[in-house]
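Residues per chain are reported as follows:
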Amino acid sequence: MDKTSDNQESGSDYRKGVKFLIDNEPDMKKLPSEFALPLLRNPLSAVHAEIPVIDLSGLHGPVQRRVSTIRDINSACADWGFFRIINHGIRTSLMVEMLKVVEEFFDLSWEQKMKYASDNVMSPIRYGTSLNTSMKHSLHWRDYFRHYGHPCHKTFHLWPDNPPVYRDVAKEYLEQIWQLAMKIASAISEGLGLDHDYIEKSLGEGFQVQAANYYPPCPEPEKTLGLAGHSDHGGLTILMQNHDVDGLQIKHNETWTAVQHVPGTFLVNIGDYLEILSNGMYKSVEHRAVVNAQKKRISVAVGHGPELTAVIAPASQLLDKNSDIQYRPIAYQDYIRLQQSSTIRGKSPLQAIKINNM
Ligand SMILES: O=C(O)CCC(=O)C(=O)O
Ligand SMILES: [Fe+2]
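On a predicted model such as this, the values are computed, not experimentally measured, just so you know.

(A) A look at the side chain of Asp-232. Inspection of the secondary structure assignment puts Asp-232 in the loop between β7 (227–230) and β8 (236–241). No salt bridge is formed by the buried Asp-232. Its closest oppositely charged neighbour is Arg-146, at 7.9 Å. Among the polar contacts listed, one links the side chain of Asp-232 to the side chain of Thr-237, at a separation of 2.7 Å. When neighbours within four sequence positions are excluded, Asp-232 is seen to be in contact with Thr-237, Asn-269, Gly-271, Asp-272, His-287 and Gln-339.

Okay, structure coming up:
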């Protein structure tokens with residue numbers, strides 16, 4: 001292919017990131033046509049709703065409070081698949097530091113960031129833009145940077161050394177978030193009627209991936225999305241964002257619903273692995289990110305799932321003669337590849353392994 005053709009040139013500019021585009025043209029008035037999503041109905045007109053709030057200190061309280069907290073988590077998982085946690089035990093200063101080093105990373109020159117660009121969706125570290133620019137699709141208004149976390153010692157040496165404190169801050173953050181995820185997983189196990197360590201044990205060594213998203217201000221935010229509707233492939237995602245701008249929407253009762261950000265809290269959501277493990281009792285919920293004309297938004301989503309070679313399948317304890325198995329077993333890494341290689345979002349990877357019981 002002629003590498004100097006106009007298309008190819010502008011195509012490669014997009015791969016440098018939307019931040020690069022807007023930094024070079026801060027007065028941009030029109031959304032470049034590649035970003036216009038043809039079938040999108042104005043995403044900024046979503047309804048607003050309060051999602052369940054769980055006070056995690058209840059898990060350490062007297063028996064009755066613990067039981068009612070587990071019951072609340074269980075109904076939040078079944079009814080919403082998303083909930084907000086307070087009294088989660090993570091220092092606010094660590095949350096702030098983490099957002100700061102992530103922002104400093106995105107502020108690096110595009111050459112420095114492109115060192116981490118990769119078309120390999122399983123790469124342990126990856127910078128990119130939109131969904132998957134190795135495939136043709138309408139572009140999305142976000143840059144992302146993701147890398148593996150727990151067990152941190154395996155990939156720590158690959159993480160960015162610029163900003164210089166990045167590795168240390170991210171390690172402390174990801175280790176604490178892993179512990180938090182295991183605490184919630186234990187409550188969910190009990191809520192499902194399984195042993196309290198059932199989910200944690202099912203993870204084996206476990207797998208954690210951190211996805212940082214950067215959504216710059218966008219000239220025509222009603223015509224595009226930061227991130228298309230999708231469900232997460234892992235079991236539990238723990239999400240935080242910078243303090244002063246909303247953007248997350250979840251599909252609740254078939255309606256896109258905007259979720260307000262509350263500083264100092266995290267959002268937790270159920271991913272496909274827990275939908276599969278619970279044989280469909282819990283649903284992984286589709287969610288997306290919208291953008292806005294005024295402010296950049298940064299989010300850090302940390303996903304938690306089983307070790308990559310694990311075969312994921314419904315828990316046998318949850319299958320009885322009245323409930324047929326709903327999903328075909330699949331190696332977790334094959335599932336991730338299925339999800340990440342596609343530019344079609346929604347819940348299509350789950351549909352692909354769903355068994356159509358009559
Ligand atoms: O930016 C957000 O709020 C959502 C991010 C997200 O869903 C993801 O990274 O999987
Ligand atoms: Fe997500």
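(B) Structural context of the site of ligand 1. With respect to spatial proximity, the complete set of residues near ligand 1 consists of Asn-213, Tyr-215, Leu-227, His-230, Asp-232, Leu-239, Leu-248, His-287, Ala-289, Arg-297, Ser-299 and Ala-301. A distance of 2.7 Å separates an oxygen atom of ligand 1 from a polar atom in the side chain of Arg-297. Relative to its unbound accessible area of 300 Å², ligand 1 is 94% covered by the protein chains. Comparing atom positions with the cavity grids shows ligand 1 to sit within the largest cavity. Contributions of two or more residues to the shell around ligand 1 are made by β6 (207–215), β7, β12 (287–289) and β13 (297–305). The element best represented in the shell around ligand 1 is β13, accounting for three residues. Among the residues making up the shell around ligand 1, the classes are represented as six nonpolar, four polar and two charged.

(C) Spatial organisation of the sheet that holds strand β4 (residues 125–129). With mixed pairing, eight strands are arranged side by side in an open sheet as β2-β3-β11-β8-β13-β6-β5-β4. Each edge of the sheet is formed by a strand with only one pairing partner; in this case those strands are β2 (53–55) and β4. Between one strand axis and the next, the sheet turns through 25° on average, direction left out of account.

(D) Structural context of the packing of helix α3 (residues 63–79) against helix α6 (residues 166–191). Taken N-terminus to C-terminus, the directions of α3 and α6 make an angle of 85°; their axes are 9 Å apart at the nearest point. Classified by the angle their axes make, α3 and α6 are roughly perpendicular. In this structure, α3 contributes Arg-66, Ile-70, Ile-73, Asn-74 and Cys-77 to the contact, and α6 contributes Ala-187, Ile-188, Glu-190 and Gly-191.

(E) View of the nonpolar core. The biggest cluster of nonpolar side chains holds 74 residues, and the ones touching the most others in it are Phe-83, Ile-85, Tyr-173, Leu-180, Ile-184, Ile-188 and Phe-266. With 14 residues, the top contributor of residues to this core is α6. The residues touching Ile-85, leaving out its near neighbours within four places in the chain, are Ile-54, Leu-56, Leu-180, Ile-184, Thr-265, Phe-266 and Val-268. Judged by nonpolar contacts, the second largest core, of 17 residues, contains Leu-21, Trp-141, Ala-289 and Val-291.

(F) Representation of the pairing of β6 in the model. Burial runs high along β6: nine of the nine residues are buried. Here β6 shows two buried faces, one formed by Phe-207, Val-209, Ala-211, Asn-213 and Tyr-215 and the other by Gln-208, Gln-210, Ala-212 and Tyr-214. Bridging between strand β5 (residues 143–148) and β6 involves six bridges; their strand directions are antiparallel. Its bridge partner lying in β6, Arg-146 is registered against Ala-211. Where β6 lies against β13, nine bridges are found, and the strand directions are antiparallel.

(G) Region of interest: the coordination of the iron ion (ligand 2). Looking at the iron ion (ligand 2), the protein donor atoms are His-230 (NE2), Asp-232 (OD) and His-287 (NE2), and they sit 2.1 to 2.2 Å from it. Linear spacing of the donor residues for the iron ion (ligand 2) on their chain is H-x1-D-x54-H. One end of the pair, Asp-232, is in the loop between β7 and β8; the other, His-287, is in strand β12, and 55 residues separate them in sequence.

(H) The UniProt feature "domain: Fe2OG dioxygenase" (unreviewed entry) in the protein chain, seen in detail. UniProt records the feature "domain: Fe2OG dioxygenase" (unreviewed entry) for residues 205–306 in the present numbering. Secondary structure within residues 205–306 divides into 6% helix and 44% strand; the distance between the first and last C-alpha atoms comes to 7 Å.

(I) Expanded view of the sheet that holds β12. Judged by pairing direction, the sheet is mixed, and its five strands sit side by side in the order β1-β10-β9-β12-β7 without closing on themselves. Strands at the two margins of the open sheet, each flanked by one partner only, are β1 (47–48) and β7. By the bridge criterion, two bridges tie β1 to strand β10 (residues 255–258) in an arrangement that is parallel. Within the sheet, the bridge partner assigned to Val-47 lies in β10 and is Thr-257.

(J) How the structure looks around empty space enclosed by the protein. Enumeration over the complete set of coordinates arrives at five cavities of 30 Å³ or more. For the lining of the largest cavity, the elements supplying multiple residues, two or more each, are β6, β7, β8, β12, β13 and α9 (332–341). Counting residues per element, the lining of the largest cavity draws most heavily on β13, at six residues. Tallied by class, the residues present in the lining of the largest cavity amount to 10 nonpolar, 12 polar and six charged. Quantified by volume, the second largest cavity comes out at close to 90 Å³. As for the second largest cavity, its lining consists of Val-121, Met-122, Ser-123, Pro-124, Arg-146, His-147, Tyr-148, Phe-207, Val-209, His-233, Ile-336 and Gln-340. Secondary-structure elements contributing two or more residues to the lining of the second largest cavity are β5, β6 and α9. At three residues, the largest contribution of residues to the lining of the second largest cavity is made by β5. Partitioned by chemical class, the residues of the lining of the second largest cavity number seven nonpolar, four polar and one charged.

Rules and cut-offs
Residues numbered from 1 in each chain as written. Chains lettered and ligands numbered in written order. Predicted model: local features only at pLDDT ≥ 70, side-chain atom pairs only at ≥ 80, totals over all residues. Heavy atoms only, no water. Helix = DSSP H or I, 4+ residues; strand = E, 2+ residues; numbered from the N terminus. Buried < 20%, exposed > 50% of the residue type's maximum accessible area, 1.4 Å probe, protein only. Lys, Arg positive; Asp, Glu negative; His and termini not counted. Salt bridge = Lys/Arg side-chain N within 4 Å of Asp/Glu carboxyl O. Polar contact = N/O pair within 3.5 Å; in protein donor to acceptor, adjacent residues only side chain to side chain. Contact = heavy atoms within 4.5 Å. Near = heavy atom within 4 Å. Areas by Shrake-Rupley, 256 points an atom, 1.4 Å probe, with all protein chains shown as cover. 1 Å grid on protein atoms, 1.4 Å probe; cavity = no way out; pocket = protein on both sides within 12 Å on 5 of 7 lines; lining within 4 Å. Sits in = over half its atoms within 2 Å of the grid points. Nonpolar A, V, L, I, M, F, W, Y, C, P; charged D, E, K, R; others polar. Pairing = 2+ DSSP bridges. Axes fitted to C-alpha atoms, helices over the stretch in contact; angles between N-to-C directions. Parallel < 35°, antiparallel > 145°, perpendicular 65-115°, else oblique. Core = buried A, V, L, I, M, F, W, Y, C linked by side-chain atoms within 4.5 Å. Donors = N, O, S within 2.8 Å, 3.2 Å for Na, K, Ca; no water. UniProt positions renumbered as here; feature names shortened; annotations may be inferred. Points joined across faces, edges and corners; volume = space filled by probe spheres on them.

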